[in-house]
Amino acid sequence: MPDITRNPFSRRHLLTGAGRTLSLAAVSLIVGSKMKTASAADVSQDVKILNAAISLEHEGIAAYQIAATSGLLQPAVVEIGVAFQGHHKGHRDLLVKAVETLGGKPSAEKSLDEYAKDLNAASLKNQTDVLRLALGLERGAANAYLGLIPSLGPDFHQVAAQMAGDEAFHAAILANALGEPIPKDALIFG
Amino acid sequence: MKRQLNIMLCCCAALLSSSVFANDAKIPTAATATQLISEGDSVAPNAVSDDQIAAGGRLYKQRCGGCHSLDRNRIGPRHRGVYGRKAGSVGDFSYSEALQNFDVVWTESTLDKWLENPTAFANGTSMGFRLRKAEERKVVIAYLKSLSDTAESRGKK
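Please read all numbers here as calculations on a predicted model, not as lab measurements. (Residues numbered from 1 in each chain as written. Chains lettered and ligands numbered in written order. Predicted model: local features only at pLDDT ≥ 70, side-chain atom pairs only at ≥ 80, totals over all residues. Heavy atoms only, no water.)

Caption draft 1: Structural detail: empty space enclosed by the protein. Residue and element names in this part refer to chain A. Under the definition given, this model contains four cavities of 30 Å³ or more. Of the pockets and cavities examined, the largest cavity occupies roughly 180 Å³. Around the largest cavity, the lining is made up of 20 residues, and of these Y64, A67, G81, V130 and A134 lie nearest the centre. Of all the elements in the fold, those that place two or more residues in the lining of the largest cavity are helix 3 (40-68), helix 4 (75-101), helix 6 (127-148) and helix 7 (157-177). Sort the elements by how many residues they give to the lining of the largest cavity and helix 4 lands first, with six residues. Of the residues contributing to the lining of the largest cavity, the split by class is 19 nonpolar, one polar and no charged. Lining the second largest cavity we find 13 residues, and of these L56, G60, H88, L137 and A141 sit closest to its centre. Elements represented by at least two residues in the lining of the second largest cavity include exactly helix 3 and helix 6. (1 Å grid on protein atoms, 1.4 Å probe; cavity = no way out; pocket = protein on both sides within 12 Å on 5 of 7 lines; lining within 4 Å. Points joined across faces, edges and corners; volume = space filled by probe spheres on them. Helix = DSSP H or I, 4+ residues; strand = E, 2+ residues; numbered from the N terminus. Nonpolar A, V, L, I, M, F, W, Y, C, P; charged D, E, K, R; others polar.)

Caption draft 2: Highlighting the packing of helix 4 of chain A against helix 6 of chain A. All names here are of chain A. In the contact formed by helix 4 and helix 6, the axes pass within 13 Å of each other and the chain directions differ by 25°. With respect to helix 6, the element helix 4 is oriented roughly parallel. The way helix 4 lies across helix 6 gives a crossing that is left-handed. Here helix 4 contributes V77, F84, H88 and L95 to the contact with helix 6, which in turn contributes Q127, L131, E138 and Y145. Looking at the contact of helix 4 with helix 6, its residues break down into five nonpolar, two polar and one charged. (Axes fitted to C-alpha atoms, helices over the stretch in contact; angles between N-to-C directions. Parallel < 35°, antiparallel > 145°, perpendicular 65-115°, else oblique. Left-handed = near helix turned anticlockwise from the far one by under 90°. Contact = heavy atoms within 4.5 Å.)

Caption draft 3: Spotlight on the pattern of salt bridges. Summed over the entire model, instances satisfying the criterion amount to nine salt bridges over all chains. In this structure, R74 of chain B and E59 of chain A form a salt bridge, with 2.6 Å as the shortest nitrogen-oxygen distance. Pair noted here: R74 of chain B is in the loop between helix 2 (50-64) and helix 3 (97-100) and E59 of chain A is in helix 3, and the two residues belong to different chains. The residue R137 of chain B makes a salt bridge to D112 of chain B at a minimum N-O spacing of 2.8 Å. One end of the pair, R137 of chain B, is in helix 6 (residues 134-146); the other, D112 of chain B, is in helix 4 (residues 108-116), with 25 residues separating them in the sequence. The buried category is assigned to R137 of chain B, whose relative accessible area is 5%. (Salt bridge = Lys/Arg side-chain N within 4 Å of Asp/Glu carboxyl O. Buried < 20%, exposed > 50% of the residue type's maximum accessible area, 1.4 Å probe, protein only.)

Structure representation (structure tokens):
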């Protein structure tokens, strides 16, 4: 657990007053939304969901690392994958700051070998396999962010939607690379 | 970079022709269902067709696949055999305290409530994802249920 005596934004520091409400001004500065207040239970719930999102980003970062070093990709594809990985690192860093500001402990990443096992990386035989794996993860991540927005406090709605947008962008590029047709119907994600 | 991207996209497009987007969840209606349960002329109220189970499988990959797999623990626990299993009981997955203490067996009813609003059903869970549409929950649950009656799933419970 974080050292709350040294963390000015820890829950214990911020939980004050008869209503036990929590100022989220610091979080709002990070995620760029207007200040709201939330109960301790709401904050605790947000920390858990944000930590799941961090785990999702850890896995995405690892997936692109495994792909980039697999020897299966053309150099130009590696370059694109590294750019996408950078986006996921940006997401991770934002989410980690948010969790820490709420007084939580960000979820830790696993080893690359563990992610390789989780993602069944041994089954990847060529560039197409890698792109299909990446597409599945990106599409799932876009849907995951969109689906968790209603469960998060309002201060995190916009940033979660922004991250969903990034994942959808990645998915669109990958789907195009795989020769997927453009979806006919609206509301492709969520 | 732009030139490289264009070349890469063209090459990949030429190499590949299958479609994932084209399989996006068009959920077959009950009217098209092949009933799983049929006695005389009676129609089970919750009959689910093979088409609906297949649609549930596609929807599962798209909506749940960001965090879950059937046979491997990832962000969330593996799902093969989840139907009929006690919540929080995959031995090698690290559950939230909320799920560790959640005395529920996953059935159509409990899965429906969970997927509709997991934080309301098990406050303190790490899962915030909601599957809003009842029809989508129905086919995803039917898909998961279809995977829970196999010898393979029983071996992995």
